[in-house]
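So you can see what is in the structure, the chains are spelled out below.
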Amino acid sequence: MTTKVKAAIIGSGNIGTDLLYKALRSDIIEPIWMVGIDAESEGLKRAQKLGLKTTADGVKGMEPHIVEDKVQIAWDATSAYVHESNNELVKKYGVKMVDLTPAAIGPFCVPPVNLMEMVGRGEQNVNMVTCGGQATIPMVAAVSRVQPVEYAEIIATVSSKSAGPGTRKNIDEFTRTTAKGVEVVGGAERGKAIIIINPAEPPLIMRDTIHCLTKDAPKQKEIIESAERMIAEVQKYVPGYTLKNGPVFDGHRVSFYMEVEGLGDFLPKYAGNLDIMTAAGLRTAELIAEEIQRAEAA
Amino acid sequence: MNLEGKKVTLHDMSLRDGMHPQRHQLTPEQMVEVATALDAAGVPLIEVTHGDGLGGASVNYGFPAATDEEYLRAVVPKMKNAKISALLIPGIGTVDQLRMAHACGVQTIRVATHCTEADVSEQHIGLGAEMEMDTVGFLMMAHMIGPEELLEQAELMQGYGANCIYVTDSAGYMLPDDVTARVGHLREKLDPDVEVGFHGHHNMHMGIANSLAAIEAGAARIDGSVAGMGAGAGNTPLEVFVAVLHRMGVETGVDMWKLMDVAEEIVYPLMTHKVRADRDSLTLGYAGVYSSFLLHAKRAAEKYGLKSTDILVELGRMKTVGGQEDMIEDVALDMKKAGAAE
């Protein structure tokens, strides 16, 4: 019986806490550290109650324990501004990083599209694009796998309550990073991303629209099948990922109207945008953990 | 109402908000023609961009006839006295486009957010102020919250460096008392050197009455559009508004006769869509729906065999906000499914 790979969560906010709940259910990862910067934070207190070691001194507070506690994977759920220094610090100890900020130092990872490509490449740092990217890039890829996509555009609409201060302060990072992910991982020649924050009460469930403009006339049957397969893949880790309407075929335009309901682990169900991020982050870390276990068994 | 001796800066929207009824198809040449004529008529400030602001070119909002940069490079050098402004909606446009606009000679940047989400504008307002532009915070769909809440958001924008804050009636929903309450409260509480502005839509034909109420409550800038060319039933028709202001003794610096000629001889003839309070535009105003949804809803209604007013009412019920044009086809498909199930 192999032991679980030990992991640390950097960032004790909403994302970090939701990730913790999910990671506690993992068969191959054991979250043992939660790193924050505010001793009074609810997130740190909650992690402590759940049996994790915590520090309010940032990654430096955990540094002396990384080796003895065998931390091999870390998630960064802080902000793009501090990600680089967090990464530099844990990298010294050979810790693999799953970056949930839009810093995008490492290659993009959207699990149903390119997770398997990460296997064997030994990347130290992988980036989870953005919540909007996780929710939409799979559908762009579903089309580009069938035929060339000249242009893809995604519109992510999230409830006001689920858009945290990090996203708000740096909303351009969201649009830029997502657009880049639409190109690099989604396979569109050109990508564009739009984010809308809606304050309606009760909060609306995350919605995503994906428009692809195909180079030649869309092969409808193949696209429908490819989309169905892709949605089933995403549903493996986000069961509330659903096609509400579409695909609409209108000339060379192919449009999908999606809704993303979260699992409601820590965050409310409407915050599908956050849920798909933490679920994708866990899935990616689990793959890295499998590689670590294989390497250790060999 | 006595506005005698007040001064107001008028801001023309025909080459930005007017892009909505034109499906963003105005050419740079048409923009130059209109802007030059507005400049000659003494209009001090003219907005030029895609209808949804810098970076609005998209499937969602429509691809324009030229890029923002092409429009700006065509128009800005032709201005003798008028200044050119650009709109930027964070989430659609980015600071990269703001830098581009600044490099093109744009002097006024208007950073627009939904009225409750001002904190997404920090980067953009901050950069505008840093580049010493006339930096405006533009609180859209301002009918959806009361004066107190609106002030909190206005104060955020003021804190980021905006020197003017707009109460924006994107849905053309407000009645004069609504305008008085919001503009008056902002005027009273914001820093005295921060101006307050009002942007109206004519969906309930309240554009002029609301703009007068705004001036009375302390607004120093008012948006209008020559020939009323704007989203929904258009913006406050600028030449009509100038006529009213001149009768009331308000200083605008605009030549009313020349402005009437611009409307009559240049703008009316180029309109491809009749901007008027038809039943759809009136529905926007009545139900409080973002004005630029108009043509998208008409198209969806036609495509899916529905009534456009039904689509608009549903979008209002769902409390959609500016920029959610993608909901229109989605809602239409839902309504079609529901119709088929009955």
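Residues numbered from 1 in each chain as written. Chains lettered and ligands numbered in written order. Predicted model: local features only at pLDDT ≥ 70, side-chain atom pairs only at ≥ 80, totals over all residues.

## Focus on the overall build of chain A
Thinking step 1. Each helix and strand counted, chain A has ten helices and eleven strands in total.
Thinking step 2. Computed over the C-alpha atoms, the radius of gyration of chain A is 19 Å, within 12% of the 19 Å expected from 2.2 N^0.38 for a compact globule of 298 residues.
Thinking step 3. Here the C-alpha coordinates of chain A stretch approximately 60 × 50 × 30 Å along the principal axes.
Thinking step 4. For chain A, buried positions account for 57% of its 298 residues.
Thinking step 5. By sequence separation, contacts in chain A at least 24 residues apart represent 70% of the contacts at least 6 residues apart. (Helix = DSSP H or I, 4+ residues; strand = E, 2+ residues; numbered from the N terminus. Rg over C-alpha atoms; globule rule 2.2 N^0.38 Å. Buried ≥ 20, exposed ≤ 12 C-beta atoms within 10 Å, placed from the backbone. Contact = placed C-beta atoms within 7 Å.)

## Overview of the overall build of chain B
Thinking step 1. When its secondary structure is counted, chain B shows 13 helices and eight strands.
Thinking step 2. Taken over the C-alpha trace, chain B has a radius of gyration of 19 Å; the compact-globule value for 342 residues is 20 Å, and the two agree within 12%.
Thinking step 3. Counting only C-alpha atoms and orienting by the principal axes, one finds that chain B spans roughly 60 × 45 × 40 Å.
Thinking step 4. Buried residues in chain B amount to 61% of all 342 residues.
Thinking step 5. In chain B, of all internal contacts separated by at least 6 residues, the share reaching a separation of at least 24 is 76%.

## What to know about the domain arrangement of chain A
Residues and elements named next belong to chain A.
Thinking step 1. Here the domain parsing of chain A yields domain 1 (5–128 + 276–297) and domain 2 (131–269).
Thinking step 2. Computed over C-alpha atoms, the centres of domain 1 and domain 2 are 25 Å apart.
Thinking step 3. At the junction of the two partners, domain 1 supplies 22 residues and domain 2 supplies 25 residues.
Thinking step 4. Elements with a minimum of two residues in the side of domain 1 that touches domain 2: α1 (14–23), α5 (111–118) and α10 (272–297).
Thinking step 5. Taken together, the residues of the side of domain 1 that touches domain 2 break down into 14 nonpolar, five polar and three charged. (Domains from an automatic or database assignment. Nonpolar A, V, L, I, M, F, W, Y, C, P; charged D, E, K, R; others polar.)

## Some details on helix α11 (residues 293–304) of chain B
Residues and elements named next belong to chain B.
Thinking step 1. In this model α11 runs 16 Å from its N-terminal to its C-terminal C-alpha over twelve residues, within 8% of the 16 Å that 1.5 Å per residue would give.
Thinking step 2. For α11, the set of buried residues is F293, L294, L295, H296, A297, A300 and A301.
Thinking step 3. The elements touched by buried residues of α11 are α10 (279–287), α12 (308–317) and α13 (326–341).
Thinking step 4. Once α11 ends, the next one or two residues include G305, with phi positive near 65°. (Expected span 1.5 Å × (residues − 1).)

## A closer look at the interface of chain B and chain A
Thinking step 1. With 24 residues of chain B at the interface, the matching set in chain A holds 26 residues.
Thinking step 2. Mapped by element, the contributors of at least two residues to the side of chain B that touches chain A are α4 (122–130) and α13 of chain B.
Thinking step 3. The element that contributes the greatest number of residues to the side of chain B that touches chain A is α13 of chain B, accounting for five residues.
Thinking step 4. Across the side of chain B that touches chain A, the residue classes tally to seven nonpolar, nine polar and eight charged.

## What about the nonpolar core?
Thinking step 1. By size, the foremost hydrophobic cluster in this structure holds 208 residues, and its most contacted members are V140 of chain A together with L139 of chain B.
Thinking step 2. In terms of residue count, the dominant contributor to this core is α10 of chain A (nine residues).
Thinking step 3. With residues up to four places along the chain from it excluded, the contact list for V140 of chain A reads V149, A152, V182, G186, G187, A188, I210 and C212 of chain A. (Core = buried A, V, L, I, M, F, W, Y, C linked by C-beta atoms within 7 Å.)

## Remarks on the sheet that holds strand β9 (residues 206–214) of chain A
All names here are of chain A.
Thinking step 1. Across the sheet, which stays open at both edges, the five strands sit in the order β8-β7-β9-β11-β10 with mixed pairing between neighbours. In this open sheet, the two strands that pair with only one neighbour each are β8 (188–198) and β10 (240–250). Within the sheet, the average angular offset between the axes of one strand and its neighbour, ignoring direction, is 15°.
Thinking step 2. Across eight bridges, β10 lies against strand β11 (residues 253–261) in antiparallel orientation. In the strand pairing of β11, L243 is matched with M258. (Pairing = 2+ DSSP bridges. Axes fitted to C-alpha atoms, helices over the stretch in contact; angles between N-to-C directions.)

## Section: the environment of I9 of chain A
Residues and elements named next belong to chain A.
Thinking step 1. Secondary-structure assignment places I9 in strand β1 (residues 5–10).
Thinking step 2. Judged by local crowding, I9 falls into the buried class, with 30 C-beta atoms found within 10 Å.
Thinking step 3. Put simply, I9 and I231 are 222 residues apart on the chain and 28 Å apart in space, counted from C-alpha to C-alpha.
Thinking step 4. Residues in contact with I9, not counting those within four places in the same chain, are G16, L19, L20, P31, W33, M34, V35, W75 and A77.

## Considering the confidence of the model for chain B
Thinking step 1. Mean pLDDT over chain B: 97, with 100% of residues reaching 70 or higher.
Thinking step 2. Quick note on the complex model: pTM equals 0.95, ipTM equals 0.96. (pLDDT = per-residue confidence, 0-100.)

## Focus: the domain arrangement of chain B
Residues and elements named next belong to chain B.
Thinking step 1. For chain B, the domain assignment lists domain 1 (9–270) and domain 2 (279–341).
Thinking step 2. On a C-alpha basis, the centres of domain 1 and domain 2 stand 25 Å from each other.
Thinking step 3. If you look at the interface, domain 1 gives 23 residues, while domain 2 gives 17 residues.
Thinking step 4. Considering only residue class, the side of domain 1 that touches domain 2 consists of eleven nonpolar, eleven polar and one charged.

## Describing the sheet that holds strand β3 (residues 83–88) of chain B
Residue and element names in this part refer to chain B.
Thinking step 1. Taken in spatial order, the eight strands of this closed barrel run β1-β2-β3-β4-β5-β6-β7-β8, and their pairing is parallel. Strand-to-strand twist in this sheet, taken as the mean axis angle between neighbours without regard to direction, amounts to 25°.
Thinking step 2. Here strand β7 (residues 195–199) runs beside strand β8 (residues 221–224); their pairing, made up of three bridges, is parallel. Among the inter-strand pairings, G197 is bridged to a residue of β8, identified as R221.

## Some words on the pairing of β7 of chain B
All names here are of chain B.
Thinking step 1. For β7, the buried fraction is high: five of the five residues fall into the buried class.
Thinking step 2. Where burial is concerned, the two faces of β7 agree: the one with E195, G197 and H199 and the one with V196 and F198 are both buried.
Thinking step 3. Both strand β6 (residues 164–168) and β7 contribute to a ladder of five bridges, which runs parallel. Looking across to β7, one finds that I165 is bridged to V196.
Thinking step 4. Regarding topology, helix α6 (residues 176–189) serves as the crossover connection from β6 to the parallel β7, and that connection is right-handed.
Thinking step 5. Running through helix α7 (residues 207–216), the crossover from β7 to the neighbouring parallel element β8 is right-handed. (Right-handed = clockwise from strand over helix to strand, strands pointing away.)

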